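Descriptive structure summary
If you want the building blocks of each chain, they are given just below.
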Amino acid sequence: MNPALARLYHIARQPSRRIIGLMSGTSLDGLDVVLCRLYGHGPDTRLELEQFATVPYDEDVRRRVRQVFAGGQTGQVSLEYLTLLNPWLGRLHADMVLDCLRQWQVEPSEVDLLASHGQTVYHAPAHQHQHPDFLGQNATLQLGDGDQLAVRTGIITLSDFRQKHIAAGGEGAPLAAYGDYLLLSSAGEERLLLNLGGIANFTYLPRTGQDSSMAFSTDTGPGNTLLDATVRAHYPTLAYDEDGRLAAAGTVHSALLATLLEHPFFAAPLPKTTGPELFGATYLRQAQEYTGTQALGIEDVLATLAELSALGVARAAQQVFGAQPALAVYTSGGGAHNPVLRAALARHLPACRFATTDALGILPDAKEAILFAVLANEAVAGQPISIGAGRQRVPAVSMGKISWPT
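Bear in mind that the values here come from a model prediction, so they are computed numbers and not experimental data.

1. Here we look at the overall build of the chain
Each helix and strand in the chain was counted, giving 14 helices and twelve strands. For the chain, whose C-alpha radius of gyration is 21 Å, the value lies close to the compact-globule estimate of 22 Å for 406 residues. Out of the 406 residues belonging to the chain, those deemed buried represent 53%. Carbon and sulfur atoms make up 51% of the accessible area of the chain, which totals about 17100 Å². Distance from the positive charge centre (29 side chains) to the negative charge centre (38 side chains) of the chain: 4 Å.

Now the structure itself:
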């Protein structure tokens, strides 16, 4: 037997597994790295978070990724550059993992698995691309080759999680429903797990013991992607609006907001997925041209965009749960740190109770990386997860491609 396969067989039979989870989001702020121990699998999964760090990207890394991200600045991407970037990102992420392990005084041999989300550079659900050669076909692309990670770290690596989801009939996103359901369901309350990343999405979790087929995830529209891009366009030395200070100084422009909300995505039935390919600079520029607000101050633009993100979430929740949903909402992602966005959410969903996932024992900034560690644990030790069949096609699949260290 292949020694690596024998090692994986042994790992699968252990009562627990030590797993590193990696996440790099559309904000391009850095690589989230978690080291956790996962006990059991399926509904019996228990998590112990040992370490967490966000390794920041420098401007050179951001520049390289933006060359191809969401079609690049010009809509034209060099195939050669894309091909070269894939292994380069894998090596970069591997070195970041090794640096973290050295700081944590953990040997790579003490880690069972590495779960890498990679870097999404293009998301193309069928409803969005409408390409005549591929009608009805979903696609997504993440860079950061898993073989590079496995060989460079010496750790069995699972990566490219979204492709199995697509192959089984899903859209490749959001994947949060799987990990949220296993880790964060409760017998005591209905929960909405709201991730305010570059794109905002939520997972609905019915009470444990209720019909699990009603659990589902959906994107709701832009989260931070337009906010961050607008800040960078006006202040190249800033990555985002820290603590929402700029947006707090602005006033929502009602005509611009109304025009932004006219995009058909917001009226589309749930669940749905999207990305910065749709909600990018062109979307905002066209809305400003239509409303004659090209000269609007950046503070007012940011206030309007924060309101847009909050309304996307609120309208999606109201579409499912009625005009006054009364749910426990637990936030994570970069937007959870933005008081302007939080205040807008509370204003539009007044009957909901808001907290961060800290209240559930999950660090908000670590949550996405943890979820991929959970998916790797299920791929190796669990069974295909079946949830959400009552509302959407959530394939019952094990996700993640395996890369051997040698």
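2. A look at the domain arrangement of the chain
Assigned domains of the chain: these are domain 1 (3-171 + 397-403) and domain 2 (176-360). A straight line from the C-alpha centre of domain 1 to that of domain 2 covers 24 Å. The interface of domain 1 with domain 2 comprises 19 residues on the first partner and 15 residues on the second. Summing the contributions of domain 1 and of domain 2, the shared interface buries around 1400 Å²; its carbon and sulfur component is 58%. Between the two partners, domain 1 and domain 2, sit zero salt bridges. The tally of links from domain 1 across to domain 2 stands at five residue pairs in polar contact (both at pLDDT 80 or more). Of all the secondary structure elements, the ones that give two or more residues to the side of domain 1 that touches domain 2 are strand S4 (113-124) and helix H4 (126-129). In terms of residue count, the dominant contributor to the side of domain 1 that touches domain 2 is S4 (three residues).

3. So, empty space enclosed by the protein
Counted under the stated rule, the structure contains one cavity of 30 Å³ or more. One number sums up the size of the largest cavity: a volume of about 30 Å³. What lines the largest cavity is simply Thr220, Phe266, Lys272, Gly312, Arg315, Ala316 and Gln319. For the lining of the largest cavity, the class distribution of residues is two nonpolar, three polar and two charged.

4. Quick look at the pattern of salt bridges
Should their charged atoms come close, side chains of opposite charge can pair. A complete count under the given rule lists 18 salt bridges for this structure. The residue Glu50 makes a salt bridge to Arg37 at a minimum N-O spacing of 4.0 Å. With Glu50 in strand S3 (residues 46-56) and Arg37 in strand S2 (residues 30-39), this pair connects stretches of sequence that are 13 residues apart. One network of salt bridges, with partners in common, ties together Arg18, Arg37 and Glu50.

5. A closer look at the UniProt feature "binding site: ATP" (unreviewed entry) in the chain
When the UniProt feature table is mapped to this numbering, "binding site: ATP" (unreviewed entry) covers Gly25, Thr26, Ser27, Leu28, Asp29, Gly30, Leu31 and Asp32. Checked against the element boundaries, Leu28 lands in the loop between strand S1 (16-24) and S2. Mapped onto the fold, Gly30 is located in strand S2. Gly30 has contacts with Met23, Ser24, Thr54, Val55, Pro56 and Tyr57, leaving out every residue within four places of it along the chain.

6. What about the side chain of Asn224?
In this structure, Asn224 sits in the loop between strand S9 (216-222) and helix H8 (225-234). Each residue touching Asn224, except ones within four places of it in the same chain, is listed here: Leu196, Gly197, Gly198, Gly334, Gly335 and Leu341.

7. Points about the sheet that holds strand S8 (residues 199-205)
Across the sheet, five strands lie side by side as S9-S8-S7-S10-S11; this open sheet has mixed pairing. Pairing within the sheet leaves two strands with one partner each, and these edge strands are S9 and strand S11 (353-356). With direction set aside, neighbouring strand axes in the sheet form an average angle of 25°. Note that S8 and S9 share six bridges and pair antiparallel.

8. Focus: the environment of Ala139
Relative to the helices and strands, Ala139 resides in strand S5 (residues 139-143). Overall, Ala139 belongs to the partly exposed group, its relative accessible area being 37%. Between the C-alpha atoms of Ala139 and Tyr122, which are 17 residues apart in sequence, the distance is 8.5 Å. Other than its neighbours up to four places away in sequence, Ala139 contacts His123, Ala124, Pro125 and Ile166.

9. So, the nonpolar core
Soluble globular proteins tend to bury their nonpolar side chains together. Among the nonpolar cores identified, the biggest contains 32 residues, and Leu113, Phe161, Leu175, Phe372 and Leu375 are the most heavily contacted of them. Counting residues per element, this core draws most heavily on helix H14 (residues 367-381), at eight residues. Here this core gathers at least three residues from each of two domains, domain 1 (3-171 + 397-403) and domain 2 (176-360). Those residues in contact with Phe372 that sit more than four places away from it in its chain are Leu22, Met23, Ala115, His117, Phe161, Arg162 and Leu175. The next biggest cluster of nonpolar side chains, apart from the first, holds 27 residues, and it includes Val33, Leu85, Leu114 and Leu149.

10. A word on the packing of aromatic side chains
In the structure shown here, the tally under the stated rule is eight aromatic pairs. Taking the centre distance of 5.5 Å and the plane angle of 80° together, the rings of Phe265 and Phe279 count as edge-to-face. Taken together, the residues span a long stretch of sequence, with Phe265 in the loop between helix H10 (254-261) and helix H11 (281-291) and Phe279 in the loop between H10 and H11 at a distance of 14 residues. For the residue pair Phe265 and Phe279, the accessibility class agrees, reading buried in each case. Here the aromatic residues Phe202, Tyr204, Phe216 and Phe321 are joined through ring pairs into a cluster of three or more.

11. Let's talk about unusual backbone geometry
With an omega of -20°, the peptide bond running from Ala173 to Pro174 counts as cis. Here Pro174 lies in the loop between helix H6 (162-167) and helix H7 (176-184). A cis amide bond, omega -5°, links Leu270 with the succeeding residue Pro271. Mapped onto the secondary structure, Pro271 falls in the loop between H10 and H11. Even without being glycine, Gln105 reaches a positive phi, approximately 55°. By the element assignment, Gln105 lies in the loop between helix H3 (79-104) and S4. Phi is positive for Gln130, which is not a glycine, with a value near 55°. By the element assignment, Gln130 lies in the loop between H4 and S5.

Basis of the calculations
Residues numbered from 1 in each chain as written. Predicted model: local features only at pLDDT ≥ 70, side-chain atom pairs only at ≥ 80, totals over all residues. Heavy atoms only, no water. Helix = DSSP H or I, 4+ residues; strand = E, 2+ residues; numbered from the N terminus. Rg over C-alpha atoms; globule rule 2.2 N^0.38 Å. Buried < 20%, exposed > 50% of the residue type's maximum accessible area, 1.4 Å probe, protein only. Areas by Shrake-Rupley, 256 points an atom, 1.4 Å probe, with all protein chains shown as cover. Lys, Arg positive; Asp, Glu negative; His and termini not counted. Charge placed at Lys NZ, Arg CZ, Asp CG, Glu CD. Domains from an automatic or database assignment. Contact = heavy atoms within 4.5 Å. Buried area = accessible area lost by both parts, 1.4 Å probe. Salt bridge = Lys/Arg side-chain N within 4 Å of Asp/Glu carboxyl O. Polar contact = N/O pair within 3.5 Å; in protein donor to acceptor, adjacent residues only side chain to side chain. 1 Å grid on protein atoms, 1.4 Å probe; cavity = no way out; pocket = protein on both sides within 12 Å on 5 of 7 lines; lining within 4 Å. Points joined across faces, edges and corners; volume = space filled by probe spheres on them. Nonpolar A, V, L, I, M, F, W, Y, C, P; charged D, E, K, R; others polar. UniProt positions renumbered as here; feature names shortened; annotations may be inferred. Pairing = 2+ DSSP bridges. Axes fitted to C-alpha atoms, helices over the stretch in contact; angles between N-to-C directions. Core = buried A, V, L, I, M, F, W, Y, C linked by side-chain atoms within 4.5 Å. Phe/Tyr/Trp six-rings, centres within 6.5 Å; stacked < 30°, edge-to-face > 60°.

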